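# Remarks on the overall topology
Residues per chain, in single letters:
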Amino acid sequence: MAGFEEMWGDLAPVGRSPQSGGYFRQPWHSAELELRAWFREQASARGLVVEEDPFGNLVAWWGSTAADGKVLTGSHLDSVLDGGAYDGPLGVVSSFAAVDLLRERGITPTRALGVAAFVEEEGSRFGRACLGSRLAVGATDWADARELADREGVRLGDVVEGPADGARSTLLEGVDTYVELHVEQGRALIDHDAAVGVCSTIWPHGRYRFDLTGRADHAGSTRMEDRADPMLTYAATALAAATHARATHQRATFGRLDVRPNGTNAVPSQVTAWLDARADSDAALADLVEAIRAEAATHADHDGTAVAVTPESVSGEVRFDVPLRDRLAARLGGVPVLPTQAGHDAGILQEAGIATAMLFVRNPSGVSHSPFESAETADCLAGVEALADALTELVR
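In this report, we go over the structure that sits alongside the text. Everything quoted here is computed from the prediction, not taken from an experiment.

### A short note on the layout of surface pockets
- Its volume calculated, the largest pocket comes out at about 1300 Å³.
- Elements supplying a minimum of two residues to the lining of the largest pocket: β7 (205-213), β9 (251-260), β11 (270-278) and β12 (306-315).
- Split into classes, the residues belonging to the lining of the largest pocket amount to 13 nonpolar, 20 polar and 15 charged.
- Approximately 170 Å³ is the volume attributed to the second largest pocket.
- Taken together, 16 residues form the lining of the second largest pocket, with S315, V318, G347, I348 and E351 sitting closest to its centre.
- When residues in the lining of the second largest pocket are grouped by element, the largest group, three residues, is from helix α11 (residues 345-351).

### Topic: the state of the cysteines
- Under the criterion given, the structure shown has zero disulfides.
- With no disulfide of its own, C199 lies closest to C130 among cysteine sulfurs, the gap being 13 Å.
- The structure places no disulfide on C380, whose sulfur is separated from the nearest cysteine sulfur, that of C199, by 18 Å.
- Here C380 falls in the buried class, since its relative accessible area comes to 2%.

### Description of the packing of helix α8 (residues 230-248) against helix α9 (residues 282-303)
- Between α8 and α9, the shortest axis-to-axis distance is 9 Å and the interhelical angle comes to 150°. Between α8 and α9, the crossing angle belongs to the class labelled roughly antiparallel. For the pair α8 and α9, the crossing hand works out as right-handed. Of the residues in α9, those touching α8 at L232, T233, A236, T237, A240, A241, H244 and A245 are L288, A291, I292, E295, A296, H299, A300 and D303.

Rules behind the numbers
- Each residue is numbered by its place in its chain's sequence as written, counting from 1.
- Owing to the predicted nature of the model, reporting of local features is limited to residues with pLDDT of at least 70; listing and counting of side-chain atom pairs is limited to 80 or more, with chain, interface and lining totals taken over all residues.
- With hydrogens and water stripped out, all remaining heavy atoms of the structure feed into the side-chain values.
- Here a cavity denotes grid points, spaced 1 Å and computed from the protein atoms alone, that fit a 1.4 Å probe unable to get out, and a pocket denotes an open set having protein on both sides within 12 Å along at least 5 of 7 lines; residues with an atom within 4 Å of a point are the lining.
- Grid points are joined across faces, edges and corners, and a volume is the space filled by probe spheres set on the points.
- Each helix is a run of H or I in the DSSP string that is no shorter than four residues. Each strand is a run of E no shorter than two, and both are numbered from the N terminus.
- When residues are grouped by polarity, Ala, Val, Leu, Ile, Met, Phe, Trp, Tyr, Cys and Pro land in nonpolar, Asp, Glu, Lys and Arg in charged, and all others, Gly among them, in polar.
- The disulfide definition used here is simple: a pair of cysteine sulfur atoms within 2.5 Å.
- To sort residues, take the accessible area from a 1.4 Å probe on protein chains only and compare it with the maximum for the residue type: under 20% means buried, over 50% means exposed, and anything in between is partly exposed.
- Axis definition: a line fit to C-alpha positions, over the contact stretch in the case of helices; interaxial angles, taken between N-to-C directions, run 0 to 180 degrees.
- Orientation categories follow fixed angle ranges, with anything under 35 degrees roughly parallel, anything over 145 roughly antiparallel, 65 to 115 roughly perpendicular, and all other angles oblique.
- For any helix crossing, the convention is left-handed if the near helix is rotated counterclockwise from the far helix by under a right angle, and right-handed if that rotation is clockwise.
- Contacts: residue pairs with any heavy atoms within 4.5 Å of one another.

Honestly, that's just the spatial picture; any functional story needs more than this.
Next comes the structure, spelled out in structure tokens:
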């Protein structure tokens, strides 16, 4: 499959940091726009017709889209800040390669087949994970989404025109099946000694903003006992989050901070921290977040600070379509079926009533959202074969 390797080589330098080797492919910035142009070029080279909705989601169609029962594959092209090469683009490149393989096999779809590139899946610019797919299915309202702002204060509505008069995207009308291939973001396939697996469920997960307020003061002249330091409250809360998550075998991460006034010689007046929390059930997620919030409140009382917690996005457990999952797992020779703790556009489409399945490609390190994310070429090619087999099952 020379086509896969050639496409992968084309993408390798786009948005890559020469310092870290990681990728900066934030939506509607230059690297991501270059990838969108690449997507259109690949579609054109294959005679596929590209449609774009008012939010920037792209689908390249093979076959007539007049009838319902359309099949969709693909993933996303954006990255987290300083992210890995595979998260997202592997699914898009593999989808084009799978189209090539279907044609080599002499298969002509009896149902329209689309390759999708959903925008702002990571939420790395506007803070809302899977924003493009949420807008595409109507799970998020444009009137709210357009007010989202990035770290520079640029509103989403400033970079995307959006639909007129509150209209919704029609890009996915008639789609009844979606299969997304993705690099695994964990170590399960390593343990199973398998190159490819099928996903069963997505853990419940959410992003929560902790606003911790205190009083700015001099770092030298203010006695420790006279301070109202929100950084101390944050530090204790972060440690408590790790303790609770480990004790219950869940996940809790404070990965982003905003400190004011952010001076080396000043006690901060405010710390804003974002918690990413994930758990194996909706109840466990609620319990975990409440335990962390309660710890923050206790430490705030002790430190003379205040805390407010705001959920910014919360997604419940997603169970992928069981008949489709089992059908594809059997078609692929009984590959492992496993859950994931990571959110995906596939989860949004499943919750919108589209029968959805996910395929995973082994990640030999288990590391993701990092420049060290990786996958072996042989495993990627096995993923293309598996995706082509799955699509063959669905389109002919």
